[in-house]
Amino acid sequence: MAQRKRRQKIKQIGVQHFDYTLLTVVLFLLCIGLVMLYSVSSYDANLTFGDSTYYIKNQLKNTVIGVVAMFAVMMVDYHRLDKWSFLAYIISIVLIALVLTPLGYEANGARRWLDLGVSLQPAEVAKVGVIIYSASKVCRMSARRMASLNGLIAMFFPAAIISIMVWQITDNLSSALIIMGISVVMVYMATPGYKPYVIIALSGILVASLVVFLVSQGILTEELSYRFGRIRAWVYPEAYASSIAFQTTQALYAIGSGGVFGKGLGMSLQKQFVPEAQNDMIFAIICEELGLFGALLIIFLFIVLVWRIQIIVSNATDLFGAMLAVGVMAHISIQVILNLAVVTNTIPNTGISLPFISFGGSSVVFLLIEIGIVLSVAKNTVYDKD
């Protein structure tokens, strides 16, 4: 009955909107990703599996599943997600915990996946779960309370629990940071004040700077944590070019050798040397094969993508829809920035994929589900006919 009245209201005062620009950009990124994935992975796939199309076939299958899921989610009124928010949060926790059971399995030296008949990475599910749950929680708490210390703790606590579980159970610090970053951006956008976030940002920078200084001085060593070894390799890449920093230095060679227009599609030499080039370092091979022009095109498409989501946020008819779109925008923005920073050695190397382009079934499926949520918000946005 409520949905019928709402549709009648839409017909009376405005028209629904479908964001074709957002959909086009996403589909364009997916197509570029598939083309580049085959170009990057065919050599390694042929050596490893005896099938040069191994990676592209898997990615294409998951992309099709993701696109179908995107359109299915888009057709659902996003307001229903409010009722399912707590369930989405609990499912995220349960799936992460299941990694510790026999259902969990190890790949590429990390135990981060579940075998549920299909391969599933719980961290990707958790990102969607945190977006939905945080959006619902924002709507249930006043802006004044969120601006208080107790309110901030209450808002950040659920995401912090998920982040700690992802970090400790799946040993996936990058996903843990992304999940926490999503929550921080969503709460920041929903509260009028900015001082607590300045304090949080400055504190984070101070702690990170202190850690880098202690690692560079040899006080914190890789014997204490392998991540300290990665930080030291980031500070002194030449000294670790044949070990910890091998992937990073080979990626930098790829970027540097691409020039303005690149060597041409499929002509990369560094894809033979960059470990797991189809995953975290695919942007480096894009730079080598398509040059600066191709790299800027990819960055431009992501900027347009974020811009379109921002427009949807600004025109959303309610806070819940706006927060859902903000969460997706934060997720994509943070992940793209961190991936490009890792590839260019701006920050220490950590496993972060490039959205819609890097190889990864769970990643592409759940990213497309998030886009479906945003398209649902856009579809239910009312614009004045005048």
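This one's a predicted model, so the numbers in the text were calculated from it and none came from an experiment.

Draft legend 1. Representation of helix α13 (residues 319-343) within the structure. Helix length check: α13, at 25 residues, gives a terminal C-alpha distance of 36 Å against a target of 36 Å (1.5 Å per residue), a fit within 8%. The buried count for α13 comes to 22 of 25 residues, which makes it a mostly enclosed element. Just downstream of α13 lies N345, where phi reads positive at about 60°.

Draft legend 2. Examining helix α4 (residues 80-97) more closely. Taking 1.5 Å per residue as the helical rise, α4 with its 18 residues ought to reach 26 Å, and the 26 Å between its terminal C-alpha atoms agrees with that figure. The largest bend along α4 measures about 40° and falls at F86. On its buried face, α4 is in contact with β3 (110-115), β4 (119-120), α5 (122-139), α7 (149-170), α13 and α14 (361-379).

Draft legend 3. How the structure looks around the side chain of S41. Here S41 is to be found in helix α2 (residues 20-49). On the basis of relative accessibility, which here comes to 0%, the residue S41 falls in the buried class. The residues contacting S41, other than those within four sequence positions of it, are Y55 and Q278.

Draft legend 4. Examining a nonpolar patch on the surface more closely. On the surface, Y188, M189, Y194, V198, L202 and I205 cluster together into a nonpolar patch covering about 600 Å² of accessible area. When contributions to the nonpolar patch are tallied by element, the ones reaching two or more residues are α8 (173-190) and α9 (195-216). No other element matches the three residues that α9 contributes to the nonpolar patch. Looking at where M189 falls in the secondary structure, it is placed in helix α8. Judged by relative accessible area, which is 39%, M189 ranks as partly exposed.

Draft legend 5. View of empty space enclosed by the protein. A full pass over the atoms with the stated rule returns two cavities of 30 Å³ or more. What lines the largest cavity is simply R230, A233, W234, P237, I244, A245, T248, N345, I347, P348 and N349. Ranked by the residues each element gives to the lining of the largest cavity, the list is headed by helix α10 (residues 226-235), at three residues. Here the lining of the largest cavity is built from residues that sort into seven nonpolar, three polar and one charged. A volume near 30 Å³ is recorded for the second largest cavity. As for the second largest cavity, its lining consists of S353, L354, P355, F356, S358, F359, G360, S363 and V364. In the lining of the second largest cavity, the residues fall into five nonpolar, four polar and no charged.

Draft legend 6. A look at the pattern of salt bridges. Scanning the model with the defined rule gives six salt bridges in all. Among the ionic pairs, R140 bridges to D82, the shortest N-O distance being 2.8 Å. Separated by 58 residues along the polypeptide, R140 in the loop between α5 and α6 (143-146) and D82 in helix α4 bring together distant segments of the chain. Here K263 ties to E288 by a salt bridge, and the two come within 3.0 Å at their closest N and O atoms. Residue K263 is located in the loop between α11 (246-257) and α12 (282-315), and its partner E288 is located in helix α12; the two are separated by 25 residues in the primary sequence. You can call E288 buried: its relative accessible area is 0%.

Draft legend 7. Structural context of the pairing of β3. Sheet analysis places strand β2 (residues 104-107) next to β3, joined by four bridges and oriented antiparallel. When the sheet's bridge partners are listed, Y105 is paired in β3 with W113. Once β2 ends, the chain turns through two residues before running back antiparallel as β3, passing N108 with a positive phi of about 55°.

Draft legend 8. Expanded view of the packing of α2 against helix α3 (residues 54-74). One way to put it is that α2 packs onto α3 with a least axis distance of 6 Å and a crossing angle of 155°. Between α2 and α3, the crossing angle belongs to the class labelled roughly antiparallel. Considering the relative orientation of α2 and α3, their crossing is right-handed. Each of L23, L30, L34, L37, Y38, S41, D44, A45 and F49 in α2 lies in contact with α3, whose residues at this interface are Y54, Y55, I56, Q59, L60, T63, V67, M70 and F71. For the contact of α2 with α3, the residue count by class is 14 nonpolar, three polar and one charged.

Draft legend 9. How the structure looks around the nonpolar core. Counting residues in each nonpolar core, the largest one holds 89 residues, and the members touching the most others are F302, L305, I309, L324, I332 and F356. One finds I96, A126, A176 and I179 within the second-largest nonpolar core, a separate group that totals twelve residues.

Draft legend 10. Region of interest: the packing of aromatic side chains. Tallying each qualifying case throughout the model produces ten aromatic pairs. Residues Y55 and F359 carry aromatic rings whose centres are separated by 5.0 Å and whose planes lie at 80° to one another, so their mutual orientation is edge-to-face. One end of the pair, Y55, is in helix α3; the other, F359, is in the loop between α13 and α14, and 304 residues separate them in sequence. Among the residues examined, Y55 registers a relative accessible area of 9% and is labelled buried. Taking 6.3 Å as the distance between ring centres and 25° as the angle between the ring planes, the aromatic pair formed by Y78 and F320 counts as stacked.

Draft legend 11. A look at the environment of V184. Structurally, V184 can be placed in helix α8. The partly exposed category is assigned to V184, whose relative accessible area is 25%. For the pair V184 and S134, spaced 50 residues apart in sequence, the C-alpha separation works out to 9.8 Å.

Reading the values: rules and limits
- Every chain is numbered independently, its residues counted from 1 as its sequence is written.
- Per-residue local features are limited, in this predicted model, to residues with pLDDT of at least 70; the limit for side-chain atom pairs, both in listing and counting, is 80 or more; totals at the level of whole chains, interfaces and linings are taken over all residues.
- Processing note: side-chain calculations cover all non-hydrogen atoms of the structure and skip hydrogens and water entirely.
- We count a stretch as a helix when DSSP gives it H or I for four or more residues in a row; a strand needs E for two or more, and each element gets its number in order from the N terminus.
- Here the expected span of a helix is defined as 1.5 Å times the quantity of residues minus one.
- Think of it in three bands: with a 1.4 Å probe and only protein chains considered, a residue is buried below 20% of the maximum accessible area for its type, exposed above 50%, and partly exposed in between.
- Bend, in this description, refers to the angle at a residue between axes fitted to the seven residues ending there and the seven starting there.
- Residue contacts are defined here by distance: any two heavy atoms, one from each residue, within 4.5 Å place the two residues in contact.
- Residues enter a patch when their relative accessible area is above 30% and they make no salt bridge; the linking distance is 9 Å between like charges and 5 Å between nonpolar side chains (Val, Leu, Ile, Met, Phe, Trp, Tyr).
- Areas reported here follow the Shrake-Rupley algorithm with a probe of radius 1.4 Å; residue values treat only the protein chains shown as occluding.
- One speaks of a salt bridge when a side-chain nitrogen belonging to Lys or Arg is within 4 Å of a carboxyl oxygen belonging to Asp or Glu.
- The rule is simple: put a 1 Å grid over the protein atoms alone, call a set of points where a 1.4 Å probe fits but cannot get out a cavity, call an open set with protein on both sides within 12 Å along at least five of seven lines a pocket, and count a residue as lining if it has an atom within 4 Å of a point.
- Grid points are joined across faces, edges and corners, and a volume is the space filled by probe spheres set on the points.
- Each residue receives one of three labels: charged for Asp, Glu, Lys and Arg, nonpolar for Ala, Val, Leu, Ile, Met, Phe, Trp, Tyr, Cys and Pro, and polar for the others, Gly being one of them.
- For two strands to be treated as a pair, DSSP must find no fewer than two bridges joining them.
- The angle between two axes is taken between their N-to-C directions and runs from 0 to 180 degrees, where each axis is a line fitted to C-alpha atoms and a helix contributes only its stretch in contact.
- For classification purposes, an angle smaller than 35 degrees is called roughly parallel, one larger than 145 roughly antiparallel, one from 65 to 115 roughly perpendicular, and anything else oblique.
- Here a crossing is called left-handed whenever its near helix is offset anticlockwise from the far helix by less than a right angle, and right-handed whenever the offset is clockwise.
- Working definition of a nonpolar core: buried Ala, Val, Leu, Ile, Met, Phe, Trp, Tyr and Cys residues. They are joined through side-chain atoms within 4.5 Å.
- Two rings from Phe, Tyr or Trp (for Trp, the six-membered ring) form a pair when their centres sit within 6.5 Å of each other. Planes less than 30 degrees apart are called stacked, planes more than 60 degrees apart edge-to-face, and all others tilted.

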